[in-house]
Amino acid sequence: MMKMKLWLLPLLHCLLLIAPLRASCPIYLTISLSGKALHDSCLEVNWGPDCAGPPEWIGIYGQDPTISNFQPELRINGLNNRTGKLSTPIKLGKLLFPGGWNRLDGNESPATRYPRGKCLPHYVASYNGTELLTVECLKIQPNWMAQIKDGEQMPLKSLFLPGTHASGAFLASYSKTKSLLVKDYLVAQHFDVWSQLVFGIRYLDFSVGYKYMDSDNDADNFWIANENMFIIPLAGVLRDVRHFVERSGELVILDFSSFPIGFYKHPEIYSSLFHLLRQELGEVAYQRNVTLDEHCANRNFRQLLALGIHVVLLFPTQELPYPENESGLLCSPWQRFSTSYMNISQTLDYMRLLFSRKPGGPVQDDGWIFTAVKSMEQTLNTHKLQTAKQRAAVINPKVNQWLKGPWGMNANVVSMDYFSNTNIVDLAIEVNAHKAFLLANKDKFINLEILR
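Since this is a predicted model, take the numbers as computed values, not measurements.

Quick look at the state of the cysteines
Tallied over the full model, the rule gives three disulfides. Put simply, cysteine 25 and cysteine 51 are joined by a disulfide, and their sulfur atoms are 1.9 Å apart. Here cysteine 25 and cysteine 51 share a disulfide; its torsion about the S-S bond, 70°, makes the bridge right-handed. With cysteine 25 in the loop between α1 (9-23) and β2 (27-31) and cysteine 51 in the loop between β3 (42-47) and β4 (57-61), this residue pair connects regions lying 26 residues apart in the sequence. In the chain, the bonded cysteines, numbered by position in the sequence, are linked as 1-2, 3-4, 5-6.

Laid out in structure tokens, this is it:
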């Protein structure tokens, strides 16, 4: 007879909850990066990873197929691989958000809350014969933090926060510029910052440049920059962030990661930027306790929201003159790790090192940011200069897939260019639900005696 003690009730419970999901074959939609403009971009069907048994066929619909017997706009037969991505001829078209979530809808009436997301008119369903197996949709997630149950013990450093790199590198109209450099290499996102937040992004990365505009308003001098070129004015982006958190009640991390133009040896310009941040975001931003040398990543996100705090600002305070450099409005930057100069094989090895979170490893017990991008310089090693979209089309699906294993449970911030060809937001929501469950039940154990 042998007795074995198991102290695994929370983990066993979690595994039981996850098991049905893993046994099925997840199907989901993403937006391809092939279109010249967003409305020309086609939908992609994704399945896996590691489907035990792929469905016999998949249908794409413009309406929810569970509420009526609609015919699919496209039927896809013969899925043989356990994991895959397939581009379709169905275009995204003009994008309009429901429930008052368009940027210009205004604050006259409150937007509809969608704690579990809201489908756009693009659905994908899988079948064996006439048996419906799964239904998914392209969706917005403006209120996903509200659905995290048992989140009272989750500090910011324990959340999986989906993010974007070069978040403000966006053009509203490609027709207004004839520059291929801007279109192909400087723009890094399909969506403006407002739309990114509506889709569920909760970490924004900004590079800021200073461009003297001979204006009475000093705010006009600060611009979003990428690859050492000016893209769009910063002030409007900050206002979009403020309006979004006021409308949604969500929490967003703003990371001012670099200042490539006009800031060098000009502390007074850093000071002017600080005053702009305080003016636009001071009422909704976290004010840390300077006396206690408080680490912002240790703060519980539920407590912050309960206090009316919806923005956390990461900023290199050492660049500011006194007294701004001691302001509680700014948090010290979190650890940053980037794949910018790595090929795919090196990226996988690097992720294994980081996301294993082994004692003594590079990731410390603090907030940390993994930026999954390929630089222009790295693609030159292959003797072909790839556009920003081409680079994101290669690396994003790989990173998204690798995070669906155990590594996702160790993620904090994951940012990328052109996030729309992944389902990283839905992945983060699922992982956070599992993390919250484990944290809430970490002290509840059971002693099982197995007799043999």
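Okay, back to it.
Section: the pattern of salt bridges
A complete count under the given rule lists 13 salt bridges for this structure. Among the salt bridges present, the one from glutamate 250 reaches arginine 202, with a minimum N-O distance of 3.1 Å. Here glutamate 250, found in the loop between α4 (234-248) and β13 (252-261), pairs with arginine 202, found in the loop between α3 (193-199) and β10 (203-210); they are 48 residues apart in sequence, far enough to count as distant. The pair formed by glutamate 250 and arginine 202 is uniform in burial state, with each residue classed as buried. Here glutamate 294 ties to arginine 299 by a salt bridge, and the two come within 3.8 Å at their closest N and O atoms. In this structure glutamate 294 comes out as partly exposed when scored by relative accessible area, which is 23%. Given a relative accessible area of 18%, arginine 299 falls into the buried group. One continuous salt-bridge network, built from bridges that share partners, spans Arg239, Arg242, Glu246 and Glu280.

As for the sheet that holds strand β7 (residues 118-128)
Whether parallel or antiparallel, the strands of a sheet pair through hydrogen bonds between backbone atoms. With antiparallel pairing, four strands are arranged side by side in an open sheet as β5-β4-β7-β8. Two strands in the sheet have a free side with no partner beyond their single neighbour: β5 (74-77) and β8 (131-140). This sheet shows a mean twist of 20° between the axes of neighbouring strands, independent of strand direction. Strand direction decides the pairing type here: β7 and β8, joined by eight bridges, are antiparallel. In the sheet register, cysteine 119 faces β8, and the bridge partner there is lysine 139.

Rules and cut-offs
- Residues numbered from 1 in each chain as written.
- Predicted model: local features only at pLDDT ≥ 70, side-chain atom pairs only at ≥ 80, totals over all residues.
- Heavy atoms only, no water.
- Disulfide = S-S within 2.5 Å.
- Helix = DSSP H or I, 4+ residues; strand = E, 2+ residues; numbered from the N terminus.
- Salt bridge = Lys/Arg side-chain N within 4 Å of Asp/Glu carboxyl O.
- Buried < 20%, exposed > 50% of the residue type's maximum accessible area, 1.4 Å probe, protein only.
- Pairing = 2+ DSSP bridges.
- Axes fitted to C-alpha atoms, helices over the stretch in contact; angles between N-to-C directions.

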